[in-house]
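Observations on the three-dimensional arrangement
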Amino acid sequence: MKTLTLGPEGLTPADVIAVARHNARLELSPTAVDAIAISRRIVDEIDQSDRAVYGVSTGFGALATTRIPRERRAELQHALIRSHAAGIGEPMPPEVVRAMLALRARSLAAGRSGVRLEVVQGLLDLLNSGVTPWVPEHGSLGASGDLAPLAHCALVLLGEGWVRAADGTRVEGAAALAGAGLRPLELASKEGLALINGTDGMLGMLLLACADAGHLFAMADVTAALAIEAMLGSARPFAADLHEMRPHPGQRRSAANIRRLLADSAIMDSHRHNFDHAVQDAYSMRCAPQVAGAARDTLEFAQQTAARELVSMVDTPVVLPHGRVESTGNFHGAPRGFAADYLAIAAAEVASIAERRVDRLLDITRSRDLPAFLAPDPGVNSGMMIAQYTAAGIIAENRRLAAPASVDSLPTSGMQEDHVSMGWSATVKLRRVLDNVASVLAVELLTACRGLQLRAPLTPSPAGQLAVRAVAEFAGEPGPDRYLAPLIEQTRALLVGRELRAAIETATAPLE
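The notes below deal with the structure included here. As the structure is a computational prediction, the values presented were derived from the model and not from experiment. Residue positions are given per chain, counted from 1 along the sequence in the order it is written. Predicted model: local features are reported for residues with pLDDT of at least 70 only, side-chain atom pairs are reported and counted for 80 or more only, and whole-chain, interface and lining totals are derived from all residues. Excluded from the side-chain calculations are hydrogens and water; all other atoms, namely the structure's heavy atoms, are used.

With respect to the overall build of the protein
Regarding its fold elements, the protein presents 20 helices and 9 strands. Expressed along its principal axes, the backbone C-alpha trace of the protein runs to roughly 85 × 50 × 40 Å. With a 1.4 Å probe rolled over the protein chains alone, any residue whose accessible area is under 20% of its type maximum counts as buried; one over 50% counts as exposed, and the rest are partly exposed. Residue burial in the protein is summarised as follows: out of 512 residues, 56% are buried. Contacts are assigned to residue pairs that have any heavy atoms within 4.5 Å of one another. Within the protein, counting contacts between residues at least 6 apart in sequence, those at least 24 apart form 78% of the total. Per-residue and other accessible areas follow the Shrake-Rupley method at a 1.4 Å probe size, with only the shown protein chains counted as cover for residues. Counting every atom, the protein has about 20,800 Å² of accessible surface; 55% of that belongs to carbon and sulfur. Charged residues are defined narrowly, with Lys and Arg counted positive, Asp and Glu counted negative, and His plus the chain ends left uncounted. Charged side chains are reduced to one point each, which is NZ for Lys, CZ for Arg, CG for Asp and CD for Glu. Each charge sign in the protein was given a centre, from 49 positive and 56 negative side chains, and these centres are 2 Å apart. Put simply, DSSP marks the helices as runs of H or I at least four residues long and the strands as runs of E at least two long, and each gets a number from the N terminus on.

Thoughts on helix α4 (residues 94-108)
A rise of 1.5 Å per residue sets the reference length of α4, with its 15 residues, at 21 Å; its end C-alpha atoms lie 21 Å apart and thus fit the reference within 8%. Within α4, 14 of the 15 residues are buried, leaving the element largely enclosed by the surrounding structure. Take the number of residues in a helix, subtract one, and multiply by 1.5 Å to get its expected span.

As for the environment of Gln304
Note that Gln304 resides in helix α14 (residues 288-310). Separated by 103 residues in sequence, Gln304 and Val407 have C-alpha atoms that sit 21 Å apart.

Considerations on empty space enclosed by the protein
Here a cavity is any set of points on a 1 Å grid over the protein atoms alone where a 1.4 Å probe fits but cannot get out, and a pocket is any open set with protein on both sides within 12 Å along at least 5 of 7 lines; a residue lines the site when it has an atom within 4 Å of a point. Grid points are joined across faces, edges and corners, and a volume is the space filled by probe spheres set on the points. Enumeration according to the criterion identifies 3 cavities of 30 Å³ or more in this entry. In this model, the largest cavity occupies a volume close to 140 Å³. For the largest cavity, the lining is made up of 14 residues, of which Arg450, Gly479, Pro480, Asp481 and Arg482 are closest to its centre. Under the scheme applied here, ten amino acids are nonpolar (Ala, Val, Leu, Ile, Met, Phe, Trp, Tyr, Cys and Pro), four are charged (Asp, Glu, Lys and Arg), and all others, including Gly, are polar. Its residues placed into classes, the lining of the largest cavity shows 8 nonpolar, 2 polar and 4 charged. In this structure, the second largest cavity occupies an estimated 50 Å³ of space. Around the second largest cavity, the lining residues are Ala220, Asp221, Ala224, Ala288, Val291, Ala292, Val350, Ile353 and Arg357. Secondary-structure elements contributing two or more residues to the lining of the second largest cavity are α9 (200-230), α14 and α15 (334-362). Along the lines of polarity and charge, the residues of the lining of the second largest cavity split into 7 nonpolar, no polar and 2 charged.

Re the sheet that holds strand β4 (residues 132-133)
Note: strands within a sheet are paired through backbone hydrogen bonds, in either parallel or antiparallel orientation. The 3 strands lie next to each other as β4-β6-β7, forming an open sheet whose pairing is antiparallel. Each edge of the open sheet carries a strand with a single partner, namely β4 and β7 (170-172). Should DSSP find at least two bridges between two strands, the strands are regarded as paired. As paired strands, β4 and strand β6 (residues 162-164) are joined by 2 bridges and run antiparallel to one another. From the neighbouring strand, Pro133 faces β6, where its bridge partner is Val163.

Considerations on the nonpolar core
The biggest cluster of nonpolar side chains holds 150 residues, and the ones touching the most others in it are Leu195 and Leu445. The element contributing the most residues to this core is α9, with 20 residues. If sequence neighbours within four positions are ignored, Leu195 has contacts with Arg104, Leu108, Val119, Leu123, Leu150, Ala154, Leu157 and Leu187. As used in this record, nonpolar core signifies buried Ala, Val, Leu, Ile, Met, Phe, Trp, Tyr and Cys residues forming a set joined through side-chain atoms within 4.5 Å.

Some points on the side chain of Asp47
Looking at the element boundaries, Asp47 is found in helix α2 (residues 30-47). Those residues within four positions of Asp47 in sequence are excluded, and the remaining contacts are Val56, Arg70, Arg73 and Ser189.

Structural notes on α9
In a regular helix each residue adds 1.5 Å, so 31 residues correspond to 45 Å; α9 covers 44 Å between its end C-alpha atoms and thus fits that length. With 28 of 31 residues buried, α9 is to be regarded as a mostly interior element.

Some thoughts on unusual backbone geometry
Here the residue pair Thr316 and Pro317 is connected by a cis peptide bond, since its omega of -5° sits within 30 degrees of zero. Tracing the backbone shows Pro317 in the loop between α14 and β8 (318-319). Backbone torsion omega between Ala456 and Pro457 reads 15°, so that peptide bond is classified as cis. Along the chain, Pro457 falls in the loop between α17 (423-453) and α18 (462-475). With phi around 75°, Lys190 is a residue other than glycine that occupies positive phi space. Structurally, the position occupied by Lys190 is in the loop between α7 (173-179) and α8 (191-196). Lys190 sits in the buried class, given a relative accessible area of 1%. You will see that Leu232, though not glycine, has its phi angle at about 55°, which is positive.

Comments concerning the pairing of strand β1 (residues 3-6)
Look at any regular strand and the pattern is simple: side chains alternate between the two faces of the sheet. Residues Leu4 and Leu6 point to one face of β1 and are all buried, whereas Thr3 and Thr5, pointing to the other face, are not buried. Here β1 runs beside strand β2 (residues 25-28); their pairing, made up of 4 bridges, is parallel. Bridge pairing in β2 links Thr3 to Arg25. When the strands point away from the viewer, a crossover counts as right-handed if the route from the first strand across the helix to the second turns clockwise. Taken together, β1, helix α1 (residues 13-22) and β2 form a β-α-β motif whose crossover is right-handed.

Some points on the pattern of salt bridges
Here a salt bridge means any side-chain nitrogen of Lys or Arg lying within 4 Å of a carboxyl oxygen belonging to Asp or Glu. Enumeration over the complete set of coordinates arrives at 28 salt bridges. Between Arg104 and Asp200 there is a salt bridge, with the nearest N and O atoms lying 2.8 Å from each other. Taken as a pair, Arg104 in helix α4 and Asp200 in helix α9 lie far apart in primary sequence, 96 residues in all. Take Asp200: its relative accessible area is 2%, and that puts it in the buried class. Measuring nitrogen to oxygen at the nearest pair gives 3.1 Å for the salt bridge that ties Asp315 to Lys190. Linking Asp315 in the loop between α14 and β8 with Lys190 in the loop between α7 and α8, this pair joins segments that are 125 residues apart in sequence. Taken as a pair, Asp315 and Lys190 share a single burial class, namely buried. Linked by salt bridges that have partners in common, Arg40, Asp44, Arg116, Glu118 and Glu191 make up one network.

The values are spatial; any link to function lies outside them.
Put into structure tokens, the structure is as follows:
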């Protein structure tokens, strides 16, 4: 199992994915251990003084002016975790929780939070032992961080709360710790606040979403090219010089992908020089690079935002060198919420234009001589008719999900927290949008391959041949109607996986 070293410089996006999805282990670097110790000494000095420092010697939120006696400050931190673990709903996926734990450890390891080494090591022990806290979906407003989700994580460190077992069931945190050979942690001053005052849930989900979106947008070029080929579309709109006229980098990359994917196709050659064949293709065909390319540029913005956040220190108050302690607003999730909302809009449109191509493929009046609904014997058979219904229903849901969450602030905590980011909600729904995109692209892949099969004896491009062969392994040849749901599910798994893409890239070139 891969082991990564966590230092004050933090983690890369690939590191977070490795921990979240591939169970990579984390260990602290000596530099991080030193930075943690230095910042803790400053908090210990404050703790012994009479200074009013938020979260160390005072209450929280609207109770920030309430002074806490020294003998009750550890109690304050435990009470904070218990009261803030107030989430409800279905548990978040393990990959999200593991990303949260890794990112909270990353922030605390920067040596600006004033926690003891035991706290950071406790988070790493949960990760490395495979103990995944049960974190309900609802509870975070994305300002003062992901308070409730992180509190559910921190509660397990205390030997309380719930853990999600490998089989998905909920078990007591104390039993899970004992089973992993771990001991509950006793918090000291400021440590409870430091454990929950971060935006690690929304950052983790944004990083996971960016990784998924990058693959899906590349596969959107594949499904678009196959659909265009099956509909006897023109390759002329994808010429490089046309896209130099509008120099958006994502558009250029998408057009280059589609050009390569359509190359060496007997189907395309059959009408390449017939200029009466189609004076113009529909927008959903010739504008594919413009839409998918804009989505790529949006993804790049989201990735840049996530990269900045990965080197950011998110806590309040922060412990600075020479004993300075300051409250900040760096826990506010607006950058992440905006990026997630923007990417959700772009991803929804990638699916939307794909569904329009599916509809054209099935329509006998627009598919250029393909049989109605791609059924060789239409009438008795309905072919792929209802698969398009499924895609259309998903598109309708994505339109609702694409409405931005980040404009929906609600004041909390007695108006102390009077503007919140809703970044958690933005990233949760972004992941749902991308899940839907994968399903719509799967419908396009299945219908496009059916269309290419129906163009026989003409042979598709090398990319098309690989796709048709992979889909035919479980979907067979066009013929009488079959139970479609399993075929769509298997096509979705093929599209989300990396094997088909790798095969296509070997036959053509790496997808940009």
